[in-house]
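Each chain, written out:
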Amino acid sequence: MSEDKPMPDLSVDKKVAGALSKQALGGVGTMGITVGMQMSLQLLSIAVLARILEPAEFGIVAAANIIIAFSNMFSDVALGSAIIQIKDMTRNHIRVAFTLSVASSIMVAILLNMIAPYAALYFEMPEIRDVIRVLSIVFLWAGLSTVSENLMARSFRYRTLGLVKVGGSCVAVSMTIFLAYIGLGYWSIVIGIVLQSLFTMVCLMLVQQHDVRPSFHLQSLKELMYVGGGLSLSRFINYVALNADNFFIAKMIGADGLGLYDRSYRLAGFPAQIFDRVAAKVALSTYARAQDDAARMNFAYRRGLALSALIGMPLTFILGIFGTEIITVVLGDKWLAAIIPFIILVSATFFRVSYKVSQSVMVASGKVYVFAMIQIVYALIVVTGCYVAYPYGLYAVAWAVTGSIIANFVMLSVGASYLTGVSFLAFLKTCVHGLIMTALSGCVLVPCVIMLRPIMPSSSVLLVGGGLTAVFVVVVLCAPYKWLWGNDGLWLREQVIVAFAKCLPQRRKKTNDKL
C-alpha cells in the first residue's frame, strides 16, 4: 500500500445529520460509562487521601504540576487533535506524528530535569525538585502512546479506549492509597501517576498498533504542523489561563493554601473534566467529519449547545446548593475552608462545559489560529484578574477565575456561532430548556436543603438530596413534553430510554420461552 494513500479504516462516508448524531451519542455513551468509572475511582482516591495526607502535601504536588502542565503542552506538539482533525489520514501522517511525539517527549523530559532546581527555588518548596524529575518519566510513556490513543478516538474505538483508561485508573488509585497508608506522603501520588502512565502506554501500544518507523515526510509534516502548531499555541495560552491562579497562590500564599484551593478546583472541575474526556473528543471527531457540510455543522452545533445546557445548567445548580455537604463528605472536616472556593468555582460548571462544544467546532473547522487568539485574550483576563485578586485571598482568586471562564465562554460562543451560521437568537433558544430544567430542580431540592440541613448531618442531607435528584430525573424522563425538553432534548430522551430498554426484550423473551 502506498504511504500517501488514505487509511481505509479511518475514512468515513458522509451520512445524514441524524445518523451522525447517533454515532456521536454512541461514542459518548461508551466513553461515559468508562469515564464515569474512572472519575468514581478518582473521587474515591480524593476522599481517602484527604483523610491521610495534609493540605500542604497536596500543595507540593500541585506546585510541581504547574511545571508539569507547562511541559505537557510541548510533549506531542498537539499532534493528538491534529490526527483526529486531518480529513485524509495516510501512513506517512502516522509515521511523522509518532516520530515528532517521541522526539518532543524526550526533549521535554530532559528539560524538566534541568529546570527542576530553579522551580523549587522560585516557589520556595525544595520538595518539588525531585517530584518534577520523577514525573518527567510520564512524558516518555505519553510520547509513545499519543498516536495510538488518537487513532482509536478517530475511528470511534471508545469502548476499548475507555477500558484502557479504567485499568490505568485502577492501578493509580490502588497504588496511591496503599503507598499513602504506609506513610509515603506526597510521594504516593507521584508514584501512582507514573505507574498509571506506564500501564496506559503499554495497553494502548498493544491494542492500536501502527507503523513506528521514523519519518520526516515533508508534506505530511507540514499538514500536521499547520494544525498542531496552531493548537500548540492555543494550549500554551490555555496553560497560562488554567494555571495563573495556582501560580499566584503557590508563590504568595503557600503550600497549605494551594492544597485547599487545588482540592476545591479539582472537585468543582469534575463535570467539565468528564465532558472533556468523553463528549469533547467525540464532538471533535464528529464535527471534523461534518466540516465540509455547513448545514450539518449548524445542526450539530445547535444540538451540542442545547444538550450541554440541558445537562450543564441543572448540574451547576445542584452542585452549588449541596456544596457544603460535598466538601464535608468527600474531603472531611479538616477541609471546611475549601467550601466557599468550591461553591464559587462550581458556579461556572455550565460555562466550562458549554465552551468546550464551541472549542470543538473551531478546532474541527481548522480555525486553530482564531481559537489561539481567543485564548490569548482569555489568558490575559485570567492573569489580570488573579493578580488583582490574590492579595484578598482564595475567595477573590476563585471569583476571578470564575469570571474569566464566563468571558471565555462568551468569546468562543461568538466565534463558533459565526463559523456555523448560528444566529444570536438561535443561540439563546438552545439555553431555554436548560433553564426550565434548572428551575424545576430548584423547586424540588431547595426546600430539601432548607429543611434538612439544620437537623441532619451532611452525609444524610447529601444522601436524601441525591435520592430526590434521581427521582426527579426519572420523572422528567417519563414526561415527553416539548416545552420541557425541546426537540434536541426529546431526541436525547428517546436515545436514553432506548439504551436502558435494550435488555428488556431479551429478558421478556427468556420468560416467555420458559412459560
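Since the model is a prediction, treat every value here as computed from it, not as a measurement.

### Side note on the packing of aromatic side chains
Going through the model one piece at a time under the given rule, you end up with ten aromatic pairs. Here a set of aromatic residues connected by ring pairs shows up, and it is made of Phe-350, Phe-351, Phe-409 and Phe-427.

### Quick look at the confidence of the model for the protein
Summary statistics for the protein give a mean pLDDT of 81 and a share of 81% for residues scoring 70 or more. Of all secondary-structure elements in the protein, the lowest mean pLDDT belongs to helix α21 (residues 503-514), at 50, while helix α14 (residues 339-346) reaches the highest, 94. Under a pLDDT of 50 for its full length, residues 8-20 has, in the predicted model, 17 contacts with residues more than four places off or in other chains.

### Things to note about helix α12 (residues 294-321)
An ideal rise of 1.5 Å per residue puts 40 Å on 28 residues; α12 measures up with 40 Å between its terminal C-alpha atoms. Across the 28 residues that make up α12, a large majority, 20, are buried.

### Overview of the pattern of salt bridges
Applying the stated rule across the entire model yields seven salt bridges. With a closest N to O distance of 3.5 Å, Glu-54 and Lys-334 form a salt bridge. Of this pair, Glu-54 sits in the loop between α1 (17-50) and α2 (55-72) while Lys-334 sits in the loop between α13 (323-330) and α14, placing them 280 residues apart in sequence. For Lys-334, a relative accessible area of 41% gives the class partly exposed. Of the charged contacts in the structure, one is a salt bridge between Asp-262 and Arg-266, with a shortest N-O distance of 3.2 Å. Pair noted here: Asp-262 and Arg-266 are both in helix α10 (residues 255-268), with a separation of four residues, about one helical turn. Looking at Asp-262, the relative accessible area reads 7%, which means it is buried. Among the charged side chains, a salt-bridge network with shared partners connects Asp-262, Arg-263 and Arg-266.

### With respect to the environment of Ser-347
By secondary structure assignment, the location of Ser-347 is in the loop between α14 and α15 (349-364). Since its relative accessible area comes to 31%, Ser-347 is described here as partly exposed. Each C-alpha atom, one on Ser-347 and one on Ile-321, is 9.9 Å from the other, the two residues being 26 residues apart in sequence. If we skip the residues at most four places from it in the chain, Ser-347 touches Thr-316 and Thr-402. A distance of 2.5 Å separates the side chain of Ser-347 from the backbone oxygen of Ile-344, its partner in a polar contact.

### What to know about a nonpolar patch on the surface
On the surface, Ile-106, Ile-110, Leu-111, Met-114, Ile-137 and Leu-140 cluster together into a nonpolar patch covering about 510 Å² of accessible area. Elements with a contribution of two residues or more to the nonpolar patch: α4 (91-123) and α6 (137-154). When residues of the nonpolar patch are assigned to their parent elements, the largest contribution, four residues, is made by α4. Here Leu-111 is to be found in helix α4.

### Some remarks on the nonpolar core
By size, the foremost hydrophobic cluster in this structure holds 104 residues, and its most contacted members are Ile-128, Ile-132 and Tyr-261. Those residues within four positions of Tyr-261 in sequence are excluded, and the remaining contacts are Asp-245, Asn-246, Ile-249, Leu-345, Leu-394, Val-397, Ala-398 and Val-401. Ile-86, Phe-98, Val-147 and Leu-151 belong to the second largest nonpolar core, which has twelve residues in total.

### A short note on the side chain of Thr-349
Along the chain, Thr-349 falls in helix α15. Other than its neighbours up to four places away in sequence, Thr-349 contacts Ala-268, Pro-271, Thr-316 and Leu-319.

### Points about α15
The terminal C-alpha atoms of α15 lie 23 Å apart, and with 16 residues this matches the ideal 22 Å at 1.5 Å per residue to within 8%. With respect to burial, α15 is a largely interior element, 14 of its 16 residues being buried. Just beyond α15, the residue with positive phi is Gly-366, at close to 85°.

Thresholds, definitions, all that
- Residues numbered from 1 in each chain as written.
- Predicted model: local features only at pLDDT ≥ 70, side-chain atom pairs only at ≥ 80, totals over all residues.
- Heavy atoms only, no water.
- Phe/Tyr/Trp six-rings, centres within 6.5 Å; stacked < 30°, edge-to-face > 60°.
- pLDDT = per-residue confidence, 0-100.
- Helix = DSSP H or I, 4+ residues; strand = E, 2+ residues; numbered from the N terminus.
- Contact = heavy atoms within 4.5 Å.
- Expected span 1.5 Å × (residues − 1).
- Buried < 20%, exposed > 50% of the residue type's maximum accessible area, 1.4 Å probe, protein only.
- Salt bridge = Lys/Arg side-chain N within 4 Å of Asp/Glu carboxyl O.
- Polar contact = N/O pair within 3.5 Å; in protein donor to acceptor, adjacent residues only side chain to side chain.
- Patch = residues over 30% accessible without salt bridge, like charges linked within 9 Å, V, L, I, M, F, W, Y side chains within 5 Å.
- Areas by Shrake-Rupley, 256 points an atom, 1.4 Å probe, with all protein chains shown as cover.
- Core = buried A, V, L, I, M, F, W, Y, C linked by side-chain atoms within 4.5 Å.

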